[in-house]
Amino acid sequence: MCGIAGYIGKQQAAPIILDGLSRLEYRGYDSAGVAVYDGERIHMEKAQGRLRVLEELTQHGATMPGFCGIGHTRWATHGSPSDTNAHPHMNESNSIAVVHNGIIENYAQLKQRLLNKGYHFASETDTEVLVHMLTEYYNGDPVEAIEKVMHRVEGSYALGIMFLDHPHHIYAARKDSPLIVGESSDGKFIASDVPAILQYTRTVYYMENEEIACLSTEHTRFFNVDGEPIQKTPVTIDWDIHAAEKGGFEHFMLKEIHEQPKAIKDTISPRIKDGDIDLSEIGMSDEELLSFHKITIVACGSAYHSGVTGRYVLEDLARIPTEADLASEFRYRNPIYDAGTLVIVVSQSGETADSLAALRDAKAHGCKVLAIVNVVGSSIAREADAVLYTWAGPEIAVATTKAYSCQIAAFYLLALKFARLRSTITPERFQTLLDALSCLPGQVESLLAQKEKIQFFANHYLATEHIFFIGRGIDYALCLEASLKLKEISYIHSEAYAAGELKHGTISLMENGTLVIAVATQDALYPKTVSNIVEVKTRGAFVMAVTTLQHPEMEKCADYVLYVPKTAAPFMDSLAIVPLQLFAYYVSLGRGLDVDKPRNLAKSVTVE
Ligand code: G6P
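Residues numbered from 1 in each chain as written. Predicted model: local features only at pLDDT ≥ 70, side-chain atom pairs only at ≥ 80, totals over all residues. Heavy atoms only, no water.

Visitor: Tell me about the site of the ligand, and please be specific about residues and values.
Guide: By nearness alone, 14 residues border the ligand, and S347, Q348, S349, T352 and A602 come closest of all. Contact between the ligand and S347: an oxygen atom at 2.6 Å from a side-chain N or O atom of the residue. When the free accessible area of the ligand is taken as 390 Å², the share hidden by the protein chains comes to 89%. Here the shell around the ligand takes three residues from helix α9 (residues 301–318), the largest share from any one element. A class-by-class count of the residues in the shell around the ligand yields five nonpolar, seven polar and two charged. (Near = heavy atom within 4 Å. Polar contact = N/O pair within 3.5 Å; in protein donor to acceptor, adjacent residues only side chain to side chain. Areas by Shrake-Rupley, 256 points an atom, 1.4 Å probe, with all protein chains shown as cover. Helix = DSSP H or I, 4+ residues; strand = E, 2+ residues; numbered from the N terminus. Nonpolar A, V, L, I, M, F, W, Y, C, P; charged D, E, K, R; others polar.)

Visitor: Lay out the sheet that holds strand β8 (residues 170–175) with the relevant residues and their values.
Guide: The strand order across the open sheet built from seven strands is β5-β6-β7-β8-β12-β13-β14, with neighbouring strands paired in antiparallel fashion. At either margin of the open sheet sits one strand with a lone partner, and together these are β5 (89–90) and β14 (229–230). Relative to β14, strand β13 (residues 220–224) runs antiparallel, the two sharing two bridges. Paired with F222 across the two strands is I230, which belongs to β14. The strands touched by helix α4 (residues 127–137) are β5, β6 (96–104) and β7 (155–163); relative to β6, the strand with the most contacts, the crossing angle is about 135 degrees. The strands that helix α5 (residues 142–152) touches are β7, β8, β12 (211–215) and β13; relative to β8, the one it contacts most, it runs at about 20 degrees. (Pairing = 2+ DSSP bridges. Contact = heavy atoms within 4.5 Å. Axes fitted to C-alpha atoms, helices over the stretch in contact; angles between N-to-C directions.)

Visitor: Which residues make up the packing of helix α15 (residues 451–459) against helix α19 (residues 573–590), and what values go with them?
Guide: Close contact between α15 and α19 brings their axes to 8 Å; oriented N to C, the two are set at 50 degrees. One finds that α15 runs oblique with respect to α19. Note on packing geometry: the crossing formed by α15 with α19 is right-handed. The segment α15 lies against α19, with K451, I454, Q455, F457, A458 and N459 engaging P579, L582, F583, Y586, V587, L589 and G590. Within the contact of α15 with α19, the residues separate by chemical class into nine nonpolar, three polar and one charged. (Parallel < 35°, antiparallel > 145°, perpendicular 65-115°, else oblique. Left-handed = near helix turned anticlockwise from the far one by under 90°.)

Visitor: Tell me about the packing of aromatic side chains, and please be specific about residues and values.
Guide: Scanning the entire structure with this criterion turns up 15 aromatic pairs. Ring centres of Y205 and F222 lie 5.0 Å apart, and the angle between their planes is 55 degrees; this geometry places the pair in the tilted category. Placement of the pair is Y205 in strand β11 (residues 203–206) and F222 in strand β13, with a sequence separation of 17 residues. Looking at Y205, the relative accessible area reads 9%, which means it is buried. Aromatic rings pair up to connect F457, Y461, F542, Y560 and F583 into one cluster. Taking NZ or CZ as reference, K453 lies 5.6 Å from the ring centre of Y560, over its face. (Phe/Tyr/Trp six-rings, centres within 6.5 Å; stacked < 30°, edge-to-face > 60°. Buried < 20%, exposed > 50% of the residue type's maximum accessible area, 1.4 Å probe, protein only. Lys NZ or Arg CZ within 6 Å of the ring centre and 35° of its normal.)

Visitor: Describe the domain arrangement of the protein, with residues and values.
Guide: Split by domain assignment, the protein resolves into domain 1 (3–238), domain 2 (265–425) and domain 3 (445–595). Taking only C-alpha atoms, the centre of domain 1 and the centre of domain 2 are 34 Å apart. Taken residue by residue, the interface counts nine residues in domain 1 and 11 residues in domain 2. Carbon and sulfur atoms supply 46% of the area buried between domain 1 and domain 2, which totals about 770 Å² over both sides. Area buried by domain 1 at its contact with domain 2 is led by Y26, D176 and Y206, which between them contribute 53% of it. Linking domain 1 with domain 2 are two salt bridges, by the criterion used here. Across the pair R382 and E208 runs a salt bridge, and its minimum N-O distance is 2.5 Å. Grouping the constituent residues of the side of domain 1 that touches domain 2 by class yields five nonpolar, one polar and three charged. (Domains from an automatic or database assignment. Buried area = accessible area lost by both parts, 1.4 Å probe. Salt bridge = Lys/Arg side-chain N within 4 Å of Asp/Glu carboxyl O.)

Visitor: Explain the nonpolar core to me, using residue names and the numbers behind them.
Guide: Formed by 123 residues in total, the largest nonpolar core has its most connected members in I344, L416 and F583. No other element matches the 12 residues that helix α13 (residues 402–421) contributes to this core. Not counting residues within four places of it along the chain, the set of residues in contact with F583 comprises I454, F457, A458, I467, L486, L515 and I517. With 30 residues, the next largest nonpolar core counts V129, L134, V143 and A145 among its residues. (Core = buried A, V, L, I, M, F, W, Y, C linked by side-chain atoms within 4.5 Å.)

Structure below.
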């Protein structure tokens, strides 16, 4: 999604803004722009394509003098990617410049009204209505004009605004799209996310919905939507700056795959205490957890896939009816809520629009919401009744790896907690599972050593057009994620199927040489999956199997086998996903694609 960066201070603004935008590249974008007050006018430069085009155009900001500016990377929603549709947008007198992340839902009506009043639109964007509305309402007081606009627009927005009349100020506003304000002794910042400003400051204000900020070199002021001043307390970000850098790896994705042992350990270890699962930090008592008789998991993308694994594990261990749904479906299907349902919203970013909307809907219906979130202070974390943080650290590659692994680890913790509370497993089994959980980080580490073998295999499949992933039970849940990973970054068409479902249609797609990746980590289902492998092989498929070291006989059946160590059956996804993440990575690398920033994708989807 779009990225916003802005700076006012003692340094030249444009290089700092471009640097900030480059650290938001992971969000996904197709054009970029910067506006800076140069002492006389608001000087704007915009360019379609990668940020380097804008960097070259402005000689890394050197050609844009001035100490106050705003910048933007755009992920097109209204209007195709182009120089004209890129942000910032300015009014006709070049006295107001706006950058926007989000969608103005009533823009068509607003645009018609503005056209009737004689305003001219240069772009096809929804954002441009904001520029003309600010022009219409501006009477010398920027905060008052912003307020009036906020009262009239519907939708989501994070805004950075400059007024030529107030050249030493940046204004910002937010509703349902993330925006932070940073402060250092050198200057003030606005940004969509922390990495954009981490090298300049760790002092950050999280803007809440319907708040306005006014930044000058001297002050940071905040107002509510009625223009009344409000007090906000900054928080100190304790991330390591190196966490948002590649640290010697060729790509963030490869780095993040390698960070999984630590991330899983950081997520699990603090919650295992004295032979038990301690979730006292989340903000829900054992009594409250015991009161739920049903769980509904809601999320998008890979977070949803973690929820599918969560469903299998919760039902298996805790015997609690659990459903997993896509947030974009859930919120519009008139779901049946009751007070005994715990709604779990899973999100790496904590800002995904559909997941946030589902959370609000559940709360409005009186349900308790537990969030499994990676970004501290994000909207979903703040609005949920309870939060179980995944401690994956900042994840930069668009295709998630370590955050997903932490999400499924969080579900294991929850499943064990519920199982213990509901006495659905024996104390001995609980202990065995707890021990297995503690061993996962070391086992993931051992899997990373298989890299070369996976790269070798991946290099043989760079030109393939279709790949099918099959598995049963949690192996099927894993296939959903492995298939998404592959298609996200390699652009190869891939599908995940429950292995038993193949013969109901999909098997007609099998031809000589079709690549099928079969996951068979569950002893109880192993013979069934083997039968499905035989079925596709009979129709000419080439099968790569992922199974445990306990099943060397798989080599008689599959054409190529990747072995993973064994852990307790419910936790196998944590191990089996690693070679398949590496497979996706090496296919993308071998095809010469932009692994960390795949086309059309955004890391944080803050629009519907
Ligand atoms: C985007 C990302 C996916 C992610 C999904 C949900 O589509 O590209 O990797 O799984 O959003 O994001 P969230 O931040 O809510 O986990």
